[in-house]
Amino acid sequence: MNIFRNSGSENLIFKDESVFNADYSPEEINGREKEIREMATAFKTVERKTRIPSMILNGPPGTGKTCCTRYVLKQLQEYTQRAIIIYINCWQNGTRHSILTRILEGIDPLTPQSGMTADRIIDKIGTVLKNSKKSAIVVLDEADALMQNNEHVVFYDLLRASETIGTEISVISITNNPEFVIALDKRIRSSMAQMSIKFNPYSPEEMKSILTERANLGIHTSAYDEDVIGKCAAFAAKNGGDARIGITLLWLSGREAEAKNAEKITTDYVEAAKQHIATVIGDTRQNQSDQSGLEKRILEILVKGELESTEIYEKLGIAERTGRRHLEKMESAGIIESRRAEEKRGNVRIFRIKKK
Ligand SMILES: Nc1ncnc2c1ncn2[C@@H]1O[C@H](COP(=O)(O)OP(=O)(O)O)[C@@H](O)[C@H]1O
Ligand SMILES: [Mg+2]
């Protein structure tokens, strides 16, 4: 018999596993109606050619800050051409210069960027925006990375650009750090935080509706039942009301069932998957120095399989020095393990989640 025949071209559990990817954007968002409405009302001012307030979105990891923002801005984009929307992840673009470059690219893709000084980029942003007669909305996701890198001068740059060109740039800062506003310099605090929206942990009920929706899209109807959703929802609700944990647990439970060639995810598989991530989540949650969630993100990408250290830095867009420090810490805490990549020169190591 052909060896590929029975090796799973037909997936018994997942009908679309991609909905469990970290970068999947849900089309339906439950449990965040109030937050979405608040944002939408603020952005609606773009129609009246008045200022769109700058705002700070704050809340613990996995509470929907990023996906709600993307959802609202996508709809805004479909509704009106008056706003230029630029989304920037500050972990991936952690310097003043790269933020400004991304903004200029966003408002004028044709401008050659290379070799321009920050001041020159700011001027250019001003001129282009003024000529376009459009408003700019700049989302700075994981904005605390700029504080940590000591690059928050870019907030002043954006305010300054607004002042010199007369049309405001609205900045949406997204952060896990409740101290973010306080850390902002007094002189810019009121401009940066004209509005502030708090995202709270999801309740078990909200988590259930999120997971039901996701399971509907990703898992065959016959391959799970409500117990499984309930168990995953309860676990995630207990662990910070973090939807990312719930979705990852549901996905890993499916993977466990799949590995056993089962036709259905049972609560036993959820238990097995839980064992796999419980210690990991517990360890990082108590970890105060991981406020930015970097260690959790390392785990998220390692869940999919082992990776070389250099690939980890690349995927997360972080400096080698920062990455190495976190990896070493996680390894000594027994969360991950590593070996030397024999075939590579230098000190490249291969990491994976520690097998218990
Ligand atoms: N209300 C929701 N409905 C559907 N999926 C959600 C919801 N909230 C969060 N998610 C999903 O959970 C994960 C984490 O959400 P995210 O917006 O990235 O959280 P945050 O930015 O607050 O850390 C993402 O995969 C996202 O798609
Ligand atoms: Mg986010």
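The structure displayed is predicted, hence computed values, not measured ones.

Draft legend 1. Local environment of the pattern of salt bridges. Applying the stated criterion to the full structure yields 17 salt bridges. Here Arg187 ties to Asp185 by a salt bridge, and the two come within 3.2 Å at their closest N and O atoms. For Arg187, a relative accessible area of 65% gives the class exposed. Accessibility expressed as a relative area gives 27% for Asp185, which makes it partly exposed. Counted as one network, the salt bridges with shared partners bring together Glu17, Arg255 and Glu258.

Draft legend 2. Focus on the site of ligand 1. Close to ligand 1 lie 19 residues; Asn30, Gly62, Lys65, Thr66 and Tyr202 are nearest. The contact in question runs from a nitrogen atom of ligand 1 to an N or O atom on the backbone of Asn30, over 2.8 Å. With respect to ligand 1, the side chain of Lys65 contributes an N or O atom lying 2.7 Å from an oxygen atom. Summarising the interface, the protein chains cover 93% of the accessible area of ligand 1, which totals 550 Å² for the free molecule. Of all the secondary-structure elements, those providing two or more residues to the shell around ligand 1 are α2 (65-79), α9 (204-218) and α11 (243-259). Here the shell around ligand 1 is composed, by residue class, of ten nonpolar, five polar and four charged. Taken together, domain 1 (33-198) and domain 2 (204-340) each give at least three residues to the shell around ligand 1, which thus spans both.

Draft legend 3. Representation of the sheet that holds strand β5 (residues 195-198). Taken together, the five strands give an open sheet; going across it, the order is β2-β3-β4-β1-β5, and neighbouring strands pair in parallel fashion. Two strands in the sheet have a free side with no partner beyond their single neighbour: β2 (83-89) and β5. Each neighbouring strand pair of the sheet contributes to a mean axis angle of 15°, computed without reference to strand direction. Here four bridges tie strand β1 (residues 55-58) to β5, and the two strands are oriented parallel to one another.

Draft legend 4. Structural view of the domain arrangement of the protein. Domain annotation of the protein identifies domain 1 (33-198) and domain 2 (204-340). Domain 1 and domain 2 are separated by 30 Å when their C-alpha centres are compared. Across the contact, eleven residues belong to domain 1 and 13 residues belong to domain 2. Together domain 1 and domain 2 conceal approximately 930 Å² of surface at their shared face, both sides included; 42% is due to carbon and sulfur atoms. Area buried by domain 1 at its contact with domain 2 is led by Pro61, Gly62 and Trp91, which between them contribute 57% of it. The tally of links between domain 1 and domain 2 comes to one salt bridge. Taking the shortest distance from any N to any O, the salt bridge between Arg297 and Glu142 comes out at 2.7 Å. At the boundary of domain 1 with domain 2, the tally comes to two residue pairs in polar contact (both at pLDDT 80 or more).

About the criteria used
- Numbering of residues begins from 1 in every chain and follows the order in which that chain's sequence is written.
- Written order decides the labels, with chains lettered from A and ligands numbered from 1.
- Only residues with pLDDT of at least 70 get local features here, since the model is predicted, and only at 80 or more are side-chain atom pairs given and counted; chain-wide, interface and lining totals rely on the full set of residues.
- Heavy atoms throughout the structure, all of them, feed into the side-chain values; hydrogens and water do not.
- Salt bridges, as used here, are contacts in which a Lys or Arg side-chain nitrogen is within 4 Å of a carboxyl oxygen on Asp or Glu.
- Three labels apply to residues, based on accessible area from a 1.4 Å probe with only protein chains included: buried if under 20% of the type maximum, exposed if over 50%, partly exposed otherwise in between.
- One heavy atom suffices: a residue is near a molecule or strand as soon as one of its heavy atoms comes within 4 Å of it.
- Contacts described as polar in this section are N or O atom pairs within 3.5 Å, which, within protein, must combine one atom able to donate a hydrogen with one able to accept it, while residues neighboring in sequence count only if both atoms come from side chains.
- Only the protein chains shown count as cover for residues, with accessible areas throughout obtained via the Shrake-Rupley method and a probe of 1.4 Å.
- Secondary structure is summarised from DSSP: a helix means a run of H or I of at least four residues, a strand means a run of E of at least two, and numbering begins at the N terminus for each.
- Classification convention: Asp, Glu, Lys, Arg as charged; Ala, Val, Leu, Ile, Met, Phe, Trp, Tyr, Cys, Pro as nonpolar; all other residues, Gly among them, as polar.
- Note that domain bounds follow an automatic or database assignment of domains.
- Strands are labelled as partners when DSSP assigns at least two bridges between them.
- Every axis corresponds to a line fitted to the C-alpha atoms, with the helix fit spanning only the stretch in contact, and the corresponding angles, defined between N-to-C directions, vary from 0 to 180 degrees.
- Residues are treated as being in contact if the distance between any of their heavy atoms lies within 4.5 Å.
- As used here, buried area is the combined drop in accessible area, with a 1.4 Å probe, of two parts when they are placed together.

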